[in-house]
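# Working through the structure, step by step
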Amino acid sequence: MPNFAFDYLEGGIDDEASKRRNRQAFQDVHLTPRYLRDVSTVDTRVTLFGAGYALPLGVSPVGLGNMMWPGAEAALARAAQSARIPYVLSTFSTTLLEDIAQLAPDVCWFQLYVPRDEQVMEDLIARVKRAGFRALVVTVDVPVGAKRNRELKNGLKLPFTMTPRIVWQSLTHPTWALRTLTHGTPDFVNVTSYRTDPSQGLSDFVTSMTRPGVPLDHLQRIRTLWDGPLIIKGLQAEENFRAAIDCGVDGVIISNHGGRQLDAAPATLETLRQLPGDITDRLTVMIDSGVRTGLDIVRAKALGAHAAFSGRSFFYGVGALGEAGGKQVIEITRDEITRSLQQLGCQRFEDMDASWLAEPCDKD
Ligand SMILES: Cc1cc2nc3c(=O)[nH]c(=O)nc-3n(C[C@H](O)[C@H](O)[C@H](O)COP(=O)(O)O)c2cc1C
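Presented here is a report on the structure given in the accompanying data block. (Residues numbered from 1 in each chain as written. Predicted model: local features only at pLDDT ≥ 70, side-chain atom pairs only at ≥ 80, totals over all residues. Heavy atoms only, no water.)

### Brief notes about the overall build of the chain
When helices and strands are counted, the chain shows 17 helices and 10 strands. Here the C-alpha atoms of the chain give a radius of gyration of 20 Å, agreeing with the 21 Å that 2.2 N^0.38 yields for 364 residues. Considering only C-alpha atoms, the chain reaches an extent of 65 × 45 × 40 Å along its principal axes. Within the chain, buried positions represent 55% of all 364 residues. (Helix = DSSP H or I, 4+ residues; strand = E, 2+ residues; numbered from the N terminus. Rg over C-alpha atoms; globule rule 2.2 N^0.38 Å. Buried < 20%, exposed > 50% of the residue type's maximum accessible area, 1.4 Å probe, protein only.)

### Structural notes on the site of the ligand
Near the ligand, the surroundings consist of 22 residues, among which Pro61, Ser90, Thr139, Asp288 and Arg292 are the closest. Lys233 is positioned such that a nitrogen or oxygen atom in its side chain is 3.0 Å from a nitrogen atom of the ligand. Side-chain polar atom of Arg292 to an oxygen atom of the ligand: 2.8 Å apart, as the coordinates give it. A total of 600 Å² of accessible area belongs to the ligand in isolation, and the protein chains cover 98% of it. Those elements that place two or more of their residues in the shell around the ligand are helix H1 (3-10) and strand E5 (108-113). Of the residues that constitute the shell around the ligand, the class distribution is five nonpolar, 12 polar and five charged. (Near = heavy atom within 4 Å. Polar contact = N/O pair within 3.5 Å; in protein donor to acceptor, adjacent residues only side chain to side chain. Areas by Shrake-Rupley, 256 points an atom, 1.4 Å probe, with all protein chains shown as cover. Nonpolar A, V, L, I, M, F, W, Y, C, P; charged D, E, K, R; others polar.)

### Observations regarding the side chain of Arg299
Summarising the element assignment, Arg299 is placed in helix H15 (residues 294-302). Residue Arg299 is classed as buried on the basis of its relative accessible area, which comes to 12%. With near-sequence residues (within four places) excluded, Arg299 lies in contact with Phe26, Gln27, Val29 and Leu31. (Contact = heavy atoms within 4.5 Å.)

### Looking at a nonpolar patch on the surface
A cluster of nonpolar side chains, namely Met162, Val167 and Leu171, defines an oily patch on the protein surface of about 300 Å² accessible area. With respect to the secondary-structure elements, Met162 resides in the loop between helix H7 (149-154) and helix H8 (164-171). (Patch = residues over 30% accessible without salt bridge, like charges linked within 9 Å, V, L, I, M, F, W, Y side chains within 5 Å. Salt bridge = Lys/Arg side-chain N within 4 Å of Asp/Glu carboxyl O.)

### Thoughts on the nonpolar core
If you look at the biggest cluster of nonpolar residues, it comprises 110 residues, and the most contacted ones within it are Trp109 and Leu136. A total of six residues in this core trace back to one element, the largest contributor, which is helix H4 (residues 72-83). Residues contacting Leu136, with those up to four places away along its chain left out, are Phe110, Leu112, Ile125, Val128, Ile222, Trp226, Pro229, Leu230 and Ile231. (Core = buried A, V, L, I, M, F, W, Y, C linked by side-chain atoms within 4.5 Å.)

### So, helix H11 (residues 216-225)
Listing the buried residues of H11 in full gives His218, Leu219, Ile222, Arg223 and Leu225. Relative to the axis of H11, the buried residues are bounded by an arc of 165° and lie together on one face. Looking at the buried side of H11, the elements it contacts are E5, helix H6 (118-131), strand E6 (135-139) and strand E7 (230-233). (Arc of directions from axis to C-beta.)

### A word on the pairing of strand E8 (residues 251-254)
Side chains of E8 alternate between two faces, with Gly251 and Ile253 and Val252 and Ile254 buried alike. Two elements, E7 and E8, share three bridges in a ladder whose sense is parallel. Its bridge partner being in E8, Ile232 is matched across the sheet by Val252. Handedness of the β-α-β unit built from E7, helix H12 (residues 238-246) and E8 comes out right-handed. (Pairing = 2+ DSSP bridges. Right-handed = clockwise from strand over helix to strand, strands pointing away.)

### Comments concerning the layout of surface pockets
Empty space within the second largest pocket amounts to approximately 480 Å³. What lines the second largest pocket is a set of 24 residues, among which Val140, Asp141, Pro143, Gly234 and Asn240 lie closest to the centre. Looking at the lining of the second largest pocket residue by residue, the class counts come to 16 nonpolar, seven polar and one charged. (1 Å grid on protein atoms, 1.4 Å probe; cavity = no way out; pocket = protein on both sides within 12 Å on 5 of 7 lines; lining within 4 Å. Points joined across faces, edges and corners; volume = space filled by probe spheres on them.)

### A short note on the pairing of strand E9 (residues 284-287)
Side-chain alternation along E9 places Thr284 and Met286 on one buried face and Val285 and Ile287 on a second face that is also buried. Where E8 meets E9, four bridges bridge the pair, whose relative direction is parallel. Considered in E9, the bridge of Ile253 is made with Met286. As judged from the two bridges shared by E9 and strand E10 (residues 307-310), these two strands associate in the parallel manner. The residue bridging Ile287 from the neighbouring strand is Ala308, located in E10.

### Looking at H8
Along H8, the residues classified as buried are Ile166, Gln169 and Ser170. Taken around the axis of H8, the buried residues stretch over an arc of 100°, which confines them to a single face. Opposite its buried face, H8 presents the exposed residues Pro164, Trp168 and Leu171, each directed more than 90 degrees away. Against H1, H7 and helix H9 (174-183) lie the buried residues of H8.

### Brief notes about empty space enclosed by the protein
Scanning the entire structure with this criterion turns up one cavity of 30 Å³ or more. By volume, the largest cavity is sized at about 50 Å³. Lining the largest cavity are Val59, Ser60, Pro61, Val62, Glu73, Leu76, Tyr87, Val88, Leu89, Ser90, Ser93 and Phe315. Only H4 and strand E4 (87-89) provide two or more residues apiece to the lining of the largest cavity. In terms of residues, the lining of the largest cavity owes the most to one element, E4, which gives three residues. Across the lining of the largest cavity, the residue classes break down as eight nonpolar, three polar and one charged.

By themselves, these are just geometric observations and shouldn't be taken as functional.
Laid out in structure tokens, this is it:
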């Protein structure tokens, strides 16, 4: 993929310290293997909100997916459906939500950026329900758009402004350029119909469409509109987890947006580690941000996360291998989870818990 697209994918906020912290926190979790056990077969399946999935791994929502690789969103949705793992579609995807629901009917979840306009919010949720999405994931960690240095340097704006840098990078990536020509310029297809002022630029429209912060009464309203599994993505403060429980939320994805929003944010694994036991007992806790290997997912499970998601890994896959990339990432991770469990002497992923931690973790 051209550098401006890779920088959009790879970049973090400010000094990219929170992105580095996310990785380091995974590497700092030590587990003690238990040998003298038969681990000829291991079970990697998980149940989330009553539905069975083949692996404790899902695809995080990533906006502008087809800009990084034309057709990436459909390719990943197909790969997730065939492997039976959750695929979370972003509000700001570049493939219609109705089309993704057909490609991944059993595993599609929808990520909602809460619109300012209540009618738009109601319409979007009604479409998501009609299309058959299995879960609604409300992202709350973007109260304000991020200014990321790599994107500023590249002059990345929508609609695309053909700066000499972007033209050069596109021409030197002919496969990407040709595919983009046949696919068409990526657009925020799920929400363009809500744009009432055609003179408004795409980026300005998207910024103005979403709420600066999601107040609790909006969350309560969403709960009344959506009767399926409701998940909040991006919580970090304990008081917010408690408020989510009071709102009737079913699950959380602990996330700092892959280190893309607040550079002072703690590593997500640290947030997970510090979450009191009475909270983890009442919510299905999941995690993302910095998950790169099957062993990372096993480490997160030892600290109490039922499943983990990754954003960037899947786009590295499609960037490298195109359509086949999503499947490849899933298969590599499946193998890593299996080998890690065998190495640790744990026959079922569901059985991995804090008793494997080399340093005890006091949850109470
Ligand atoms: C390029 C890019 C675009 C993203 N777009 C969205 C989005 O539209 N909605 C959302 O909730 N999160 C978005 N995220 C955050 C991801 O859902 C996820 O939290 C993050 O990628 C996890 O970190 P990882 O990439 O290190 O695995 C985006 C992340 C990336 C890298």
